[in-house]
Amino acid sequence: QVQLVESGGGMVQAGTSLRLSCAASGRTISSYIMGWFRQAPGKKRDFVAAISRRGMSTSFADSLKGRFTISRDNTKNTVYLQMNNLEPEDTALYYCAADSSSRIKVVGDDYDYWGQGTQVTVSS
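Residues numbered from 1 in each chain as written. Predicted model: local features only at pLDDT ≥ 70, side-chain atom pairs only at ≥ 80, totals over all residues. Heavy atoms only, no water.

What to know about the sheet that holds strand E3 (residues 18-25)
Read from one edge of the open sheet, four strands run E1-E3-E8-E7, paired in antiparallel fashion. In this open sheet, the two edge strands, each paired with only one partner strand, are strand E1 (3-7) and strand E7 (68-73). Neighbour-to-neighbour, the strand axes of this sheet turn through a mean angle of 15°, independent of strand direction. Where E7 meets strand E8 (residues 78-83), six bridges bridge the pair, whose relative direction is antiparallel. Its bridge partner lying in E8, Ser71 is registered against Tyr80. (Pairing = 2+ DSSP bridges. Helix = DSSP H or I, 4+ residues; strand = E, 2+ residues; numbered from the N terminus. Axes fitted to C-alpha atoms, helices over the stretch in contact; angles between N-to-C directions.)

What about unusual backbone geometry?
The backbone of Asn77 sits at a positive phi, close to 55°, despite the residue not being glycine. Relative to the helices and strands, Asn77 resides in the loop between E7 and E8. Positive phi, normally seen in glycine, also occurs at Asn85, with a value near 50°. Among the structural elements, Asn85 can be located in the loop between E8 and strand E9 (92-99).

Re the environment of Thr118
By the element assignment, Thr118 lies in strand E11 (residues 118-123). What makes Thr118 buried here is its relative accessible area of 10%. The contact partners of Thr118, leaving out residues within four places of it in the chain, are Glu6, Ser7, Gly8, Gly9, Leu20, Ala92, Leu93 and Tyr94. (Buried < 20%, exposed > 50% of the residue type's maximum accessible area, 1.4 Å probe, protein only. Contact = heavy atoms within 4.5 Å.)

What about the pairing of E3?
Pairing geometry for E1 and E3, over five bridges, is antiparallel. Note on E3: the bridge partner recorded for Gln3 is Ser25.

Digging into the side chain of Glu6
Within the secondary structure, Glu6 is located in strand E1. Among the polar contacts made by the side chain of Glu6, one reaches the main-chain amide nitrogen of Cys96 at a distance of 2.8 Å. At 2.8 Å, the side chain of Glu6 forms a polar contact with the backbone nitrogen of Gly117. If we skip the residues at most four places from it in the chain, Glu6 touches Ser21, Cys22, Trp36, Tyr94, Tyr95, Cys96, Gly115, Gln116, Gly117 and Thr118. (Polar contact = N/O pair within 3.5 Å; in protein donor to acceptor, adjacent residues only side chain to side chain.)

Listed below in structure tokens is the structure:
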């Protein structure tokens, strides 16, 4: 079992930056592909970004490329999501997830473990 706890969310103004963290416990995350998803009120959960086990490969939602960066520190058992130039449309509950398979997936149902989420609210 892997327990995931997200942090770093908050209320910010458009144009600013936030860095979300996802701290894992129970098992080392080096065995997992790690992903970030988000869900806005009344909308479905969307893929944001994912990173391979050693951080050599990443994947992003097309609309977020250039603004968001994903990274991981396996020695700290933590994954990060750097979000720059935030927009009101980025307002959502952001979830961290872990996938035990060997390839990056963009579908949430393919992930095995989930955190509780951290809220990001961006005002204009």
